[in-house]
Amino acid sequence: MTRLLVLCLLMAAHGSLAEARTRFSAGEPWDWQLTAPLDLTRKVNVYDLHPGLVTQKAIDRLRARGVKTICYVSVGTLEKTAPDRKAFPAKVIGKVYGDWPDEKFLDIRQRDILLPLMKKRFEVCKAKGFQAIEPDNMDVHYADSGFPITKAHTKSYVLALAKIAHGLGLAIGQKNVPDMTGHFVNVLDFAITESCHQDGWCGDVAVYSKKGKAIFDAEYTDRKINFSAACHAAKSMRISMILKDRDLTKDVKFCPN
């Protein structure tokens, strides 16, 4: 086999994976549930779910209805309940995440250790039938993690995660970090934001919708909000907005069509 033929075959294989990635379009309705029990009967285009709470059969039923599915994976913290927690050596585990005491920060600088572990997590998502990854806790560089992590480390880590996800045929999103949108918008496939209206930074990620990519936003019920006004602003930027409780249960309020 000639080198040219081998190169063509490799390019074709890479292209087929890229084409296979699910597209998440601006304005698609979504729901986000990370706490049981789940309600998977809603008329939304997209569900973002924790893989530990849903079966492959349930994902198959969603996909049969034409519903797209995003798999929650914490890439910046280690949860006490994570089934693979023993695979993480002590040297990559940092301080307790103050808002979530059952989680500890990860040293994302140590990519040689973390990337293979995250790839296994992504493979679990793919095996269950999920089409995309929500890489949570992408913002370790903002936190008192116990490690001297910078935005440059976050950029390198996230772009490496994107390469892994895309290699598996999975889409992957930007989670928060609005000030890093310029680094990620041309590589990542959508954005997931929390309280971008309440905190006044939806415009910092609006370039995703301008490129036809989805922005999935959750505002929270434990903070003061005029949800009608928030929905009006979201519509003008083609942001898919919902109002949720902090634990992301099945309770939800949708913006009117």
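See the structure above.
A. Seen up close, the state of the cysteines. Tallied over the full model, the rule gives three disulfides. Linked covalently through their sulfurs, Cys71 and Cys125 form a disulfide whose S-S length is 2.1 Å. With the S-S bond torsion at -60°, the cross-link from Cys71 to Cys125 turns out left-handed. Separated by 54 residues along the polypeptide, Cys71 in strand β3 (residues 68-74) and Cys125 in helix α3 (residues 111-128) bring together distant segments of the chain. Residue Cys71 is classed as buried on the basis of its relative accessible area of 0%.

B. Spatial organisation of the packing of aromatic side chains. Tallying each qualifying case throughout the model produces six aromatic pairs. Between Phe24 and Phe190, the ring centres sit 5.0 Å apart and the planes meet at 55°, which makes this aromatic pair tilted. Taken together, the residues span a long stretch of sequence, with Phe24 in the loop between α1 (3-20) and β1 (30-33) and Phe190 in strand β9 (residues 190-194) at a distance of 166 residues. Relative accessible area serves as the criterion here: at 2%, Phe24 is assigned to the buried category. Both rings, one in Phe24 and one in Phe216, keep their centres 6.2 Å apart while their planes meet at 90°; by these two values the pair is edge-to-face. Within this pair, whereas Phe24 is found in the loop between α1 and β1, its partner Phe216 is found in strand β10 (residues 215-220), the two being separated by 192 residues in sequence. The same class applies to Phe24 as to Phe216, namely buried. Within the aromatic cluster, the residues linked to one another by ring pairs are Phe24, Trp30, Trp32, Phe190 and Phe216. A cation sits over an aromatic face here: Lys68 above Phe24, 5.6 Å from the ring centre. Of note, Arg246 hangs over the ring of Tyr220, and the distance from its end group to the ring centre comes to 3.9 Å.

C. Examining the sheet that holds strand β2 (residues 46-49) more closely. Taken together, nine strands build an open sheet; the order of strands is β1-β2-β3-β7-β8-β9-β10-β11-β12 and the sheet is mixed. The sheet is open, and its two edges are formed by β1 and β12 (252-254), each paired on a single side. Across this sheet, the average inter-strand angle for adjacent strands is 25°, counted without regard to direction.

D. Inspection of the sheet that holds strand β6 (residues 103-106) at higher detail. Judged by pairing direction, the sheet is antiparallel, and its three strands sit side by side in the order β4-β6-β5 without closing on themselves. Looking at strand neighbours, the two that pair on one side only are β4 (77-79) and β5 (93-96), the edges of this open sheet. On average, each strand axis in the sheet is inclined to that of its neighbour by 40°, with strand direction left out of account. As defined by bridge partners, β4 adjoins β6 across three bridges and the pair is classed as antiparallel. Residue pairing for β6: Thr77 is matched across the bridge by Phe105.

Rules of the game
- Residues numbered from 1 in each chain as written.
- Predicted model: local features only at pLDDT ≥ 70, side-chain atom pairs only at ≥ 80, totals over all residues.
- Heavy atoms only, no water.
- Disulfide = S-S within 2.5 Å.
- Helix = DSSP H or I, 4+ residues; strand = E, 2+ residues; numbered from the N terminus.
- Buried < 20%, exposed > 50% of the residue type's maximum accessible area, 1.4 Å probe, protein only.
- Phe/Tyr/Trp six-rings, centres within 6.5 Å; stacked < 30°, edge-to-face > 60°.
- Lys NZ or Arg CZ within 6 Å of the ring centre and 35° of its normal.
- Pairing = 2+ DSSP bridges.
- Axes fitted to C-alpha atoms, helices over the stretch in contact; angles between N-to-C directions.

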